[in-house]
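Structural overview for review
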Amino acid sequence: MPLILSSGSVSLMHVVDRIFLTWYSADALAASTPAGIIHWTFLAVPIGLAAYVNTFVAQYDGAGRPAQVSSSLWQAVFVAIVTGLAVTMMMPIAGILFGSFGHGEEIARLEATYFATLCAGALPVVMMTTLSCFYSGRGKTMVVLWVTLAGTLVNLVLDWFLIFGQGPFPELGIFGAGLATVIGQVVSLLLYVALLLRPQVRREYKILEQCRLDRTLMRRYLRFGLPNGLRTLVDISAFSIFVVMVGRLGRDSLAATNLVFNINTLSFLPMVGLGTAIMTLVGRRGGEGRAELAVRTTWMAFGISSVYMLSFATAYVFFPHVLMAPYQAYGSPEDFSRIRDLVIVLLRLAAVFSFFDAMLIVFSSAIQGAGDTRFSLIFTAVASLLVMVIPIWLILDVYEGGVVACWWVCTVFLTLLGIGFLLRFLGGKWKSMQVIEPLVDDESPATADSR
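This text gives an overview of the structure that appears in the document.

**Quick word on helix 16 (residues 403-427)**
Over its 25 residues, helix 16 runs 37 Å from end to end, which matches the ideal 36 Å to within 8%, given 1.5 Å per residue. Just beyond helix 16, the residue with positive phi is Gly 428, at close to 80°.

Shown next, in the form of structure tokens:
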């Protein structure tokens, strides 16, 4: 529950960001999602790698090897520094990148501004994700919740002041939204650093003593973590291409798509927290050698996620005006009236794929928590190309279709992924996998840690 609430607070942050930008201008709303999703495309591999150290921490903790928990965390920190700085170096290309999408001069300018601002905070967000795994992987999820809530609160307060220019602050618009996000992430990072440096943690896990490159562990971390990062890249890239191509249909189609994605964030991101919990528990059971308990855990999680997502699907179908109300409260009535009917149609499609989205998150998290990352990468890559990218290109460039047809493609894509990961889970190959090295005969966990 703390991980679900933690991810829920992040989803609330994104929703409030978009609500404020809707009130600020329709152009800012239209620009925010393409810029945000392209930024996450660049961050996909770093974040996927950072998040996967959760599995190493969980399995080593389940095996009773605390020094290896710290050592694996340091390998992830070294990778996070390199990859986070690499994303920051993308800032100079923002203008050229978004100028090539054909979204209009003003929207392209706003997209470039938002993207560059978020890139400035790439290192803090990758480091924050890495350090959070030290706690989530060991089941200390309340720590993750409180740190996330602190960063989210800072972001939300600064959004109000920096977007609209309240009090002594200048009106910064979409730049203010990006700046508030970066500052909130830095606050969360600093809290994690302070917690890791507490004497009890330093003594029990030898945090500072394990600060060194372990080539063997690094190779194993990259072997399992890199496919996870690449799978994240493929997944986000498919949706990035989707948003960019829909944007060519005009501002109204792009704004409606952005708004529905933002509403869907309320259901999707909390389930990402549940996915982290599943990955942690499956990893721990793998470290303990209790695969059948991991199966029970996963099915229980699927029951929770199904009820949760079907509740949102009901709201999408029967209460769309309630969900749209915050966005139109202080926005332009004329701007909103042009997209209202389209948003209702797209929400109905979101209701169709919600259940399969839950299936995708739960069962992909389970097999990845055991180490089955290569299948996840290959399956997602093939499905993204054949079921998502190529069909949307055909609809828009060959058959001159519209935004609703593109959303049907998205619905089929998520349905296929959900069923595919369920079948892989039922196949059971993941039960025999582990990401940590096995103990040799007559070797205790303490001896292995010292080795």
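**A word on the layout of surface pockets**
A volume near 290 Å³ is recorded for the largest pocket. Met 1, Leu 274, Ala 277, Ile 278 and Leu 281 are, among the 16 residues lining the largest pocket, the residues nearest its centre. Put simply, the parts of the chain that give the lining of the largest pocket at least two residues each are helix 1 (2-24), helix 11 (251-288) and helix 12 (291-318). Top contributing element to the lining of the largest pocket by residue count: helix 11, with five residues. Partitioned by chemical class, the residues of the lining of the largest pocket number 11 nonpolar, five polar and no charged.

**Things to note about the packing of helix 6 (residues 122-136) against helix 7 (residues 141-164)**
Put simply, helix 6 and helix 7 touch, their axes get as near as 7 Å, and they point 145° apart. The residues of helix 7 that touch helix 6, namely those facing Ser 132, Tyr 135 and Ser 136, are Thr 141, Val 143 and Val 144. In terms of residue class, the contact of helix 6 with helix 7 is made up of three nonpolar, three polar and no charged.

**Concerning helix 2 (residues 26-62)**
Along its 37 residues, helix 2 runs 50 Å from first to last C-alpha, staying within 8% of the 54 Å computed at 1.5 Å per residue. In terms of burial, helix 2 is largely enclosed, as 32 of its 37 residues are buried. Taken from the residues just after helix 2, Gly 64 is the one with a positive phi, measuring 70°.

**Quick look at the side chain of Asp 357**
By the element assignment, Asp 357 lies in helix 14 (residues 333-370). Of the side chains bearing the opposite charge, Arg 231 lies closest to the buried Asp 357, which forms no salt bridge; the N-O distance is 8.2 Å. Beyond its immediate sequence surroundings of up to four residues, Asp 357 is in contact with Asn 264, Phe 268, Met 309 and Leu 414.

**Topic: the nonpolar core**
The biggest cluster of nonpolar side chains holds 134 residues, and the ones touching the most others in it are Phe 56, Phe 134, Phe 242, Met 388 and Trp 407. The contact partners of Phe 242, leaving out residues within four places of it in the chain, are Thr 257, Phe 261, Met 388, Ile 392, Cys 406, Trp 407 and Cys 410.

**Observations regarding the packing of aromatic side chains**
Tallied over the full model, the rule gives 33 aromatic pairs. Each ring, one from Phe 134 and one from Tyr 135, has its centre 5.1 Å from the other, and the planes form 90°; the classification is edge-to-face. Tyr 135 carries the same exposure label as Phe 134, and that label is buried. Each ring, one from Phe 363 and one from Phe 425, has its centre 5.1 Å from the other, and the planes form 45°; the classification is tilted. A residue pair is termed long-range when its members are at least 10 positions apart, and Phe 363 in helix 14 and Phe 425 in helix 16 qualify at 62 residues. Note on Phe 363: relative accessible area 0%, which makes it buried. An aromatic cluster is present here, built from Trp 299, Phe 302, Phe 355, Phe 356, Phe 363, Phe 425 and Trp 430 joined pairwise through their rings. Positioned above the aromatic ring of Phe 134 is the side chain of Arg 138, whose terminal nitrogen or guanidinium carbon lies 4.1 Å from the ring centre. Positioned above the aromatic ring of Phe 375 is the side chain of Arg 424, whose terminal nitrogen or guanidinium carbon lies 4.3 Å from the ring centre.

Quick notes on the rules
Residues numbered from 1 in each chain as written. Predicted model: local features only at pLDDT ≥ 70, side-chain atom pairs only at ≥ 80, totals over all residues. Heavy atoms only, no water. Helix = DSSP H or I, 4+ residues; strand = E, 2+ residues; numbered from the N terminus. Expected span 1.5 Å × (residues − 1). 1 Å grid on protein atoms, 1.4 Å probe; cavity = no way out; pocket = protein on both sides within 12 Å on 5 of 7 lines; lining within 4 Å. Points joined across faces, edges and corners; volume = space filled by probe spheres on them. Nonpolar A, V, L, I, M, F, W, Y, C, P; charged D, E, K, R; others polar. Axes fitted to C-alpha atoms, helices over the stretch in contact; angles between N-to-C directions. Contact = heavy atoms within 4.5 Å. Buried < 20%, exposed > 50% of the residue type's maximum accessible area, 1.4 Å probe, protein only. Lys, Arg positive; Asp, Glu negative; His and termini not counted. Salt bridge = Lys/Arg side-chain N within 4 Å of Asp/Glu carboxyl O. Core = buried A, V, L, I, M, F, W, Y, C linked by side-chain atoms within 4.5 Å. Phe/Tyr/Trp six-rings, centres within 6.5 Å; stacked < 30°, edge-to-face > 60°. Lys NZ or Arg CZ within 6 Å of the ring centre and 35° of its normal.

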